Amino acid sequence: MGLYDRQESIKLKNLDKPIAVLGCGGVGFWLAKFAAMSGVKTLYLFDPDVLEEHNLNRIDLPYRWLGKNKAQATKNYITEIREDIKIIAFPFIMQEHTLPNDTAIIVDCTDNFNSQMKNQSIANDRGIRYIKAGYNGTHMTISNSVAEWGEAPDGYTIIPSWVVPSVVVASMTVGKILKYDGVELSTDLEKMYNER
């Protein structure tokens, strides 16, 4: 049986569309990993930051990778589990001129409001589908436009972080890209458990 035979009947779409993942922290790391595991053929990863110990509560990379660029570390990890993927790591913030021309989808996993607005503007100007995926503590949001997070003078907010919402948001976003196009999500983990 082939690698993707058991998911053929699900009829996933957009597997051939290059996806740019902006931010390879908790959500972005898992999103890139799950997209690759689902058969997405091309990923562009953008992140200027290095892996720090506090990231390891939501990213399953080894301690020996501390100090490595997050985009490069994510690429290295994914190429270990999917050798056939085209994946390019950009160790800087995405700019209009650095976004590959074939990009079809931008998934913004950054936590800076001003950057998110700029990323959405670039997507709109280039006719690229934009998705914002993130969480604040246990509240998760997946939307087709920027959602405002907190109030900080520079637009940056340090949010409570945990592996569970990171993984849930990432997997739900991959589901949106590959199967459930029009769906947006704004919910809390507690609400999801109470709606069982």
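Residues numbered from 1 in each chain as written. Predicted model: local features only at pLDDT ≥ 70, side-chain atom pairs only at ≥ 80, totals over all residues. Heavy atoms only, no water.

1. Here we look at the pattern of salt bridges
If you walk through the whole model with that rule in mind, you get five salt bridges. Residues Asp60 and Lys33 are paired through a salt bridge, measuring 3.2 Å at the closest nitrogen-oxygen approach. Here Asp60 is found in the loop between β2 (42-46) and α2 (70-81), whereas its partner Lys33 is found in helix α1 (residues 26-38), with 27 residues between them in sequence. Given a relative accessible area of 35%, Asp60 falls into the partly exposed group. The shortest N-O distance in the salt bridge between Asp181 and Arg129 comes to 3.1 Å. Here Arg129 lies in strand β5 (residues 129-136) and Asp181 lies in the loop between α4 (163-178) and β7 (185-188), a separation of 52 residues in the sequence. Here Asp181 falls in the partly exposed class, since its relative accessible area comes to 32%. Residue Arg129 is classed as partly exposed on the basis of its relative accessible area, which comes to 25%. A single network of salt bridges, built from pairs that share partners, joins Lys13, Arg129 and Asp181. (Salt bridge = Lys/Arg side-chain N within 4 Å of Asp/Glu carboxyl O. Helix = DSSP H or I, 4+ residues; strand = E, 2+ residues; numbered from the N terminus. Buried < 20%, exposed > 50% of the residue type's maximum accessible area, 1.4 Å probe, protein only.)

2. Section: the side chain of Ser166
When you line up the elements, Ser166 lands in helix α4. A polar side-chain atom of Ser166 sits 2.9 Å from a polar atom in the side chain of Tyr135. Residues within four places of Ser166 in sequence aside, it is in contact with Gly26, Val27, Trp30, Arg58 and Tyr135. (Polar contact = N/O pair within 3.5 Å; in protein donor to acceptor, adjacent residues only side chain to side chain. Contact = heavy atoms within 4.5 Å.)

3. Some thoughts on the sheet that holds β5
Taken in spatial order, the seven strands of this open sheet run β3-β2-β1-β4-β5-β6-β7, and their pairing is mixed. The sheet terminates laterally at β3 (86-90) and β7, the two strands that pair on one side only. Strand after strand, the sheet turns through a mean of 10° between neighbouring axes, direction not considered. Bridging between β5 and strand β6 (residues 139-143) involves five bridges; their strand directions are antiparallel. Bridge pairing in β6 places Tyr135 opposite Met140. Where α4 meets the sheet, its contacts fall on β1 (19-22), β4 (105-108), β5, β6 and β7, and the angle it forms with β5 comes to roughly 160°. (Pairing = 2+ DSSP bridges. Axes fitted to C-alpha atoms, helices over the stretch in contact; angles between N-to-C directions.)

4. Considering the nonpolar core
Ranked by size, the top nonpolar core spans 43 residues in total, and within it Ile19, Val21, Leu43, Leu45, Leu61, Ile78 and Val107 carry the most contacts. Counting residues per element, this core draws most heavily on α1, at eight residues. When neighbours within four sequence positions are excluded, Val21 is seen to be in contact with Gly28, Leu31, Ala32, Leu43, Tyr44, Leu45, Phe46, Val107 and Cys109. (Core = buried A, V, L, I, M, F, W, Y, C linked by side-chain atoms within 4.5 Å.)

5. Some remarks on the packing of α1 against α4
Axis angle and axis distance: for two packed helices, these are the angle between their axes and the distance between the axes, and together they describe the pair. The geometry of α1 relative to α4 is characterised by a closest axis approach of 8 Å and an angle of 45° between their N-to-C directions. Comparing the axis directions of α1 and α4 gives the class oblique. Of the two elements, α1 crosses α4, and the hand of that crossing is right-handed. On the side of α1, the interface is formed by Gly26, Val27, Trp30, Leu31, Phe34, Ala35 and Ser38, while α4 contributes Val163, Ser166, Val167, Val169, Ala170, Ser171, Thr173, Val174 and Leu178. Its residues assigned to classes, the contact of α1 with α4 comprises eleven nonpolar, five polar and no charged. (Parallel < 35°, antiparallel > 145°, perpendicular 65-115°, else oblique. Left-handed = near helix turned anticlockwise from the far one by under 90°. Nonpolar A, V, L, I, M, F, W, Y, C, P; charged D, E, K, R; others polar.)

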